[in-house]
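Structural overview for review
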Amino acid sequence: MKTIAITGDKGGVGKSTISALLSQWFEHQNYKVSVLDADPNRTIYTWIEKCRDKGYEFCAAEKNADLLIIDTAGTSGSSLIRYVREADLIIVPFQPHIADLEIVVGWFLSINESLQKKAVFIPNRKEGTNEQREGILQISQIIKTQDRGVLLSGFANRPTIYPTILNALTQNYFSILKDVKTKEEINSNFSILKELLYGK
Ligand SMILES: Nc1ncnc2c1ncn2[C@@H]1O[C@H](COP(=O)(O)OP(=O)(O)OP(=O)(O)O)[C@@H](O)[C@H]1O
Ligand SMILES: [Mg+2]
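Here's what I pulled together on the structure shown here. (Residues numbered from 1 in each chain as written. Chains lettered and ligands numbered in written order. Predicted model: local features only at pLDDT ≥ 70, side-chain atom pairs only at ≥ 80, totals over all residues.)

Re the site of ligand 1
- Close contacts around ligand 1 come from 19 residues, with G11, K15, S16, T17 and G74 the closest.
- Elements supplying a minimum of two residues to the shell around ligand 1: α1 (15-28) and α6 (162-165).
- Here the element with the most residues in the shell around ligand 1 is α1; it accounts for 3 residues.
- Along the lines of polarity and charge, the residues of the shell around ligand 1 split into 6 nonpolar, 9 polar and 4 charged. (Near = placed C-beta within 6 Å. Helix = DSSP H or I, 4+ residues; strand = E, 2+ residues; numbered from the N terminus. Nonpolar A, V, L, I, M, F, W, Y, C, P; charged D, E, K, R; others polar.)

Some remarks on helix α5 (residues 130-144)
- Between its terminal C-alpha atoms α5 stretches 21 Å, which fits the 21 Å expected from 15 residues at 1.5 Å a residue.
- Looking only at α5, the buried set comprises G135, I139 and I143. Buried residues of α5, viewed axially, fall in a sector of 70 degrees; they line one side. Relative to its buried face, α5 has exposed residues pointing more than 90 degrees away, namely N130, L137, Q141 and K144. (Expected span 1.5 Å × (residues − 1). Buried ≥ 20, exposed ≤ 12 C-beta atoms within 10 Å, placed from the backbone. Arc of directions from axis to C-beta.)

Structural notes on the sheet that holds strand β1 (residues 2-6)
- Taken together, 6 strands build an open sheet; the order of strands is β2-β3-β1-β4-β5-β6 and the sheet is parallel. Of all the strands in the sheet, the pair left with one neighbour each is β2 (33-38) and β6 (149-151). Strand-to-strand twist in this sheet, taken as the mean axis angle between neighbours without regard to direction, amounts to 20 degrees.
- Bridging between β1 and strand β3 (residues 67-72) involves 5 bridges; their strand directions are parallel. Paired with I6 across the bridge in β3 is D71.
- Its contacts with the sheet place helix α8 (residues 180-198) against β1, β4 (89-94) and β5 (118-123), and it is angled at close to 175 degrees to β5. (Pairing = 2+ DSSP bridges. Axes fitted to C-alpha atoms, helices over the stretch in contact; angles between N-to-C directions. Contact = placed C-beta atoms within 7 Å.)

Structure below.
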């Protein structure tokens, strides 16, 4: 079984949203997925419970899962580092605001030395502003200097879709997703993760 930890030292950047999307995406591709909610706020479990109430078992703790997805809390601490160490791949969503970059990059640099795995950075809620572009450029330059850093193209800010997607689904999100741009965006990011984990 492979393990992905969605993590980082910053709250509210889309960790739970990306964890939920990722688990739904892999499940749609016939992987057996299990989700571990390592956040005391229980964001993912709350979504799973809402779906269950509607009769849809969303990544219910599978025996013999192919993939374990761990959603962590947006604070540093020993438990977070433990999940990071145990994972095959860590995913670090961030909002590409210059003010946040130091936190994201500083955290990565502080643990990178002791990590023997890839850290995948995902810019989230992109709005195409010059300030954000500059932020992404800066982070890409820093990541390039680190062997294990990978930067994905990331996700646009889609306030009409993202807050509601996981609210009490009755079937897999990717069986009902119609929006072509969103589909392409998610596929292009997540295909790279799949390749990093399982090869081509
Ligand atoms: N690409 C996006 N476009 C629009 N809204 C988004 C996007 N990604 C996440 N959001 C919204 O941002 C908010 C925070 O997302 P989420 O709860 O996934 O962050 P988090 O990192 O898990 O937060 P926490 O640190 O509290 O666990 C949510 O309201 C979510 O719907
Ligand atoms: Mg969360």
